[in-house]
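Now for the letters of each chain:
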Amino acid sequence: RAIFRQRARQSRGTVLVDVSGSMSLKPADLDRMLASTRAGLVVAIYSGKGDEGELRVVADGARRAADAQLKGVGSGNIVDLPALAWLARQPGPRLWVSDGGVTGKGDQPSRALKEQCFALCKRSRIRRVAKLDEVATFVGAAPSVARRRAAAPAGAKVDRETGGDGAEAEAL
């Protein structure tokens, strides 16, 4: 006899990546991130030029955008606040991959805008990380990666792609 009425919905997590001039997302980086995190992760990118910007979802669960769609529309941030507002409405955990540089129209930095962005992050439990490699730590590793990490000796570094410790390559 079942003791639960409903299945628990597992949060899959959402990642927002700044792809302005100071940041980027290469296809191999996206593939590595998706392989090292649990299934169902949503990944979006954003950037802008002049007074306009764009946010684009590039991965949703098992679906991933074509390589050509991983480039931003410009070299500026422009839409940091609207992009973070979108992230605040998405399933958690929520991560913002960015160098923390915030700009608005004309790609101009503003102390007030930066304070608004960081206040929104705090209110909405959005964690900023500087590198894509940090994503799996906060949204959860894929089960196979987690098992390899648990089986590794204490202090050993486990490669996220191969699951090995690099010794195999050195032995060849």
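Here, the structure is the one placed above.
Residues numbered from 1 in each chain as written. Predicted model: local features only at pLDDT ≥ 70, side-chain atom pairs only at ≥ 80, totals over all residues. Heavy atoms only, no water.

So, the overall build of the protein
Put simply, the rule is: Labels follow the DSSP assignment, with helices taken as runs of H or I lasting at least four residues and strands as runs of E lasting at least two, numbered in each case from the N terminus. Accessible area is worked out with a 1.4 Å probe on protein chains only. A residue is then buried under 20% of its type maximum, exposed over 50%, and partly exposed in between. The contact criterion used is simple: two residues touch if any of their non-hydrogen atoms lie within 4.5 Å. For the area figures, the Shrake-Rupley method with a 1.4 Å probe applies, and any residue is considered shielded solely by the protein chains shown.
Per the secondary structure count, the protein includes 6 helices and 6 strands. Written out in order from the N terminus, the α and β elements of the protein read β-α-β-β-β-α-β-α-β-α-α-α. Counting only residues that meet the buried cut, the protein has 38% of its 172 residues in that class. For the protein, long-range pairs separated by at least 24 residues make up 71% of all intrachain contacts whose partners lie at least 6 apart in sequence. As displayed, the protein offers around 10600 Å² of accessible surface, 50% of which is attributable to carbon and sulfur atoms.

A closer look at the nonpolar core
Most often, soluble globular proteins keep nonpolar side chains buried together rather than apart. Threshold: The set of buried Ala, Val, Leu, Ile, Met, Phe, Trp, Tyr and Cys residues whose side-chain atoms join them within 4.5 Å is what this entry labels a nonpolar core.
With 20 residues, the main nonpolar core has Val15, Val17, Leu25 and Val43 as its most contacted residues. Residue assignment for this core shows that the elements contributing at least two residues are β1 (14-18), α1 (27-36), β2 (42-49), β3 (52-60), β5 (94-97) and α4 (135-139). When neighbours within four sequence positions are excluded, Leu25 is seen to be in contact with Val17, Val19, Leu30, Ile45, Val58, Leu70 and Leu132. Counting 18 residues, the second-largest nonpolar core is a separate cluster that includes Leu16, Leu84, Ala88 and Val102.

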